[in-house]
Amino acid sequence: MKVYQALAKAFVEEGTTAVFGMMGDANMYWMNELDKLGVRQFEVRHEGGGLAMADGWARIDGRPGVCTTTSGPGVAQLATTLLVASRARTPMVVFCGEAPVGDESYVQKLDQKRFAEACETGFVHLDSAANAYDVVQTAFYRARTESRPIMISAPMNIQQQAFDDEDEYVA
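The text that follows walks through the structure, step by step, so that each part is easy to find. (Residues numbered from 1 in each chain as written. Predicted model: local features only at pLDDT ≥ 70, side-chain atom pairs only at ≥ 80, totals over all residues. Heavy atoms only, no water.)

### Notes on the packing of helix H3 (residues 47-61) against helix H5 (residues 79-87)
Operational definition: To obtain each axis, a line is fitted to C-alpha atoms, and for helices this fit is confined to the stretch in contact; angles are then taken between N-to-C directions over 0 to 180 degrees. Numbered from the N terminus, helices here are DSSP runs of H or I no shorter than four residues, and strands are runs of E no shorter than two. Angle categories are assigned with fixed cut-offs, so that under 35 degrees is roughly parallel, over 145 is roughly antiparallel, 65 to 115 is roughly perpendicular, and the rest are oblique. When the near helix sits turned anticlockwise from the far one by under a right angle, the crossing is termed left-handed; a clockwise turn instead gives a right-handed crossing. Any two residues whose heavy atoms approach within 4.5 Å at even a single point are treated as in contact.
H5 packs onto H3 with a crossing angle of 20° between their chain directions and a minimal axis gap of 8 Å. The pairing of H3 with H5 is recorded here as roughly parallel in orientation. Between H3 and H5 lies a crossing whose hand is right-handed. In this structure, H3 uses Gly-48, Leu-51, Ala-52 and Asp-55 to contact H5, whose residues at the interface are Thr-81, Leu-82, Val-84 and Ala-85.

### Quick look at a negative patch on the surface
The condition that has to hold: The patches described consist of residues with a relative accessible area above 30% and no salt bridge, like charges being joined within 9 Å and nonpolar side chains (Val, Leu, Ile, Met, Phe, Trp, Tyr) within 5 Å. The Shrake-Rupley method, run with a 1.4 Å probe sphere, supplies the accessible areas, and residue values consider only the shown protein chains as cover. In what follows, salt bridge is the name for a side-chain nitrogen of Lys or Arg lying within 4 Å of a carboxyl oxygen of Asp or Glu. By the counting scheme adopted, Arg and Lys are positive, Glu and Asp are negative, and His together with the chain ends is not counted. Positions of charges follow a simple convention, taking NZ of Lys, CZ of Arg, CG of Asp or CD of Glu. Accessibility here uses a 1.4 Å probe with only protein chains present; expressed as a share of the type maximum, an area under 20% marks a residue as buried, one over 50% as exposed, and anything in between as partly exposed.
The grouping of Glu-13, Asp-164, Asp-165, Glu-166, Asp-167 and Glu-168 at the surface amounts to a negative patch. Relative to the elements of secondary structure, Asp-164 occurs in the segment after helix H8 (156-159). A residue is classified by how much of its surface remains accessible, and Asp-164, at 53% relative accessible area, is exposed.

### So, empty space enclosed by the protein
The cut-off we apply is this: Think of a 1 Å grid over the protein atoms and nothing else: a 1.4 Å probe that fits but is trapped marks a cavity, an open set flanked by protein within 12 Å on at least five of seven lines marks a pocket, and residues with an atom within 4 Å of a point count as lining. Grid points are joined across faces, edges and corners, and a volume is the space filled by probe spheres set on the points. Think of it as three bins: nonpolar holds Ala, Val, Leu, Ile, Met, Phe, Trp, Tyr, Cys and Pro, charged holds Asp, Glu, Lys and Arg, and polar takes everything else, Gly as well.
Considering all chains together, one arrives at 1 cavity of 30 Å³ or more under this definition. Within this model, the largest cavity holds a volume of roughly 80 Å³. Among the residues forming the lining of the largest cavity, the class breakdown is 5 nonpolar, 4 polar and 3 charged.

### Details of the pattern of salt bridges
Scanning all chains against the criterion turns up 7 salt bridges. Of the charged contacts in the structure, one is a salt bridge between Glu-14 and Arg-144, with a shortest N-O distance of 3.0 Å. Here Arg-144 lies in helix H7 (residues 132-146) and Glu-14 lies in the loop between helix H1 (3-13) and strand E1 (18-21), a separation of 130 residues in the sequence. Residue class for Glu-14 comes out buried when judged on its relative accessible area of 8%. For Arg-144, a relative accessible area of 40% corresponds to the partly exposed category. The shortest N-O distance in the salt bridge between Glu-33 and Lys-36 comes to 3.9 Å. A residue pair is termed a helical-turn pair when its members lie 3 or 4 positions apart in one helix, as Glu-33 and Lys-36 do in helix H2 (residues 28-36) at 3 residues. Classification of Glu-33 as buried rests on a relative accessible area of 11%. Judged by relative accessible area, which is 59%, Lys-36 ranks as exposed. Residues joined by salt bridges that share partners form a network here, namely Arg-142, Glu-146 and Arg-148.

Written out as structure tokens, the structure is:
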């Protein structure tokens with residue numbers, strides 16, 4: 001199993017039934033895996049619109065809304081809506097693909113942690129294949145208990161690594 005498959009499986013185990021966002025090179029494998037697992041995907045024309053839809057979904061459904069975007073400019077487009085959701089105390093998980101670890105010349109590189117902090121959003125970074133389940137558990141737990149958006153930053157090259165799925169995911 002690849003890390004992106006483990007991440008998608010974990011989102012489903014957390015109760016994710018719909019994802020709002022825009023596909024790009026840094027989140028496309030994860031989105032494709034969600035589709036295989038039966039998660040409804042709402043493709044949007046602007047990343048901020050997808051986040052606003054996930055915000056509304058969360059307010060009506062009572063569970064964390066889920067949004068996704070690719071790295072760099074895709075993440076930057078979330079700024080205004082992240083602030084609105086954070087100040088409204090909406091529980092959300094935002095899956096953001098990230099530039100490959102170690103590729104300092106990647107054209108869409110963005111310091112996602114600093115960006116999340118500036119938008120009053122929680123941040124969880126996928127820093128190794130081994131902690132894929134922990135990252136999702138932490139993000140959903142924090143979204144629910146802190147009542148605010150939590151951004152998962154998932155580097156493209158870590159998403160492609162092998163994941164040992166001997167343990168079952170526990171939401």
